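Commentary on secondary and tertiary structure
Each chain is listed here by its residues.
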Amino acid sequence: MDPSPLSIYTYAMNIYLDIDGVLVNKEGQPSPYVDEFIRACVDSRAELYWLTTWCRTSDEAAIRHLRAVGMKPESIALLQEHCKPTNWDANKTDAIDFSKPFYWFDDVIFEEEYKTLEMHQAIPGWIKIDLKNFPNQLKECIELVEKLGDTRSEEHTSELQSH
């Protein structure tokens, strides 16, 4: 049985986004390259999720915060459209779907969260963001995320050619 044509567009990966220390730098301003990073995340066709204390079950506080720090309205609109809220209690890792590959962009995680990543052999999924020492780090993250889109395009092309 051939897969549905829509199965080509299923998401192969999740991306989890923190706000402070990732999208917003420690000075309370949008991080360098944040607009391009958000666009790359959306274009990757990965499933996007908030994983931040600003967003638990609803993205209203996250969006208000991003507006308050002066993020571009176009970037905020992309996040509103594509980034889903998560629900977690003490540890952000409670919201991660470990059955799928993922990238989790965060500057600081708790020891318990690190242990959970270890337990799931998922430490490479955590992309540690350090904007203090590497203020343009999101530029490198753009390249990483763009590779997801390239991989999906290759899968899409090879699947179409096999039918």
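In short, a report on the structure. The structure displayed is predicted, hence computed values, not measured ones.

Turning our attention to the sheet that holds strand β5 (residues 126–128). The strand order across the open sheet built from five strands is β3-β2-β1-β4-β5, with neighbouring strands paired in parallel fashion. If you trace the sheet from one side to the other, it starts and ends with β3 (83–84) and β5, each paired once. Relative to strand β2 (residues 47–50), strand β1 (residues 14–17) is paired through four bridges, and the arrangement is parallel. Across the sheet, residue L17 finds its bridge partner in β2, namely W50.

Under the criterion given, the structure shown has seven salt bridges. For D18, the salt bridge is made with K92, and the minimal N-O distance between the two is 3.4 Å. A residue pair is termed long-range when its members are at least 10 positions apart, and D18 in the loop between β1 and α1 (34–43) and K92 in the loop between β3 and β4 (102–106) qualify at 74 residues. The exposure class assigned to K92 is buried, which follows from its relative accessible area of 8%.

In this section: the nonpolar core. Membership of the largest hydrophobic core comes to 36 residues, with the highest contact counts inside it found for I15, L23, F37, W50, L79 and F105. Broken down by secondary-structure element, the contributors of at least two residues to this core are β1, α1, β2, α2 (60–68), α3 (73–82), β4 and α5 (137–161). In terms of residue count, the dominant contributor to this core is α1 (six residues). Excluding residues that lie within four positions of it along the chain, F105 makes contacts with I15, Y16, L17, D18, V22, F37, I127, I129, C141, L144 and V145.

Below, the discussion takes up the side chain of D107. Within the secondary structure layout, D107 lies in the loop between β4 and α4 (111–119). A polar side-chain atom of D107 sits 2.7 Å from a polar atom in the side chain of K26. If near-sequence neighbours (up to four positions away) are discounted, D107 is found in contact with D18, D20, G21, V22, K26, W126, K128 and I129.

Scoring rules and cut-offs
- Residues numbered from 1 in each chain as written.
- Predicted model: local features only at pLDDT ≥ 70, side-chain atom pairs only at ≥ 80, totals over all residues.
- Heavy atoms only, no water.
- Pairing = 2+ DSSP bridges.
- Helix = DSSP H or I, 4+ residues; strand = E, 2+ residues; numbered from the N terminus.
- Salt bridge = Lys/Arg side-chain N within 4 Å of Asp/Glu carboxyl O.
- Buried < 20%, exposed > 50% of the residue type's maximum accessible area, 1.4 Å probe, protein only.
- Core = buried A, V, L, I, M, F, W, Y, C linked by side-chain atoms within 4.5 Å.
- Contact = heavy atoms within 4.5 Å.
- Polar contact = N/O pair within 3.5 Å; in protein donor to acceptor, adjacent residues only side chain to side chain.

Nothing here speaks to function; it is all geometry.
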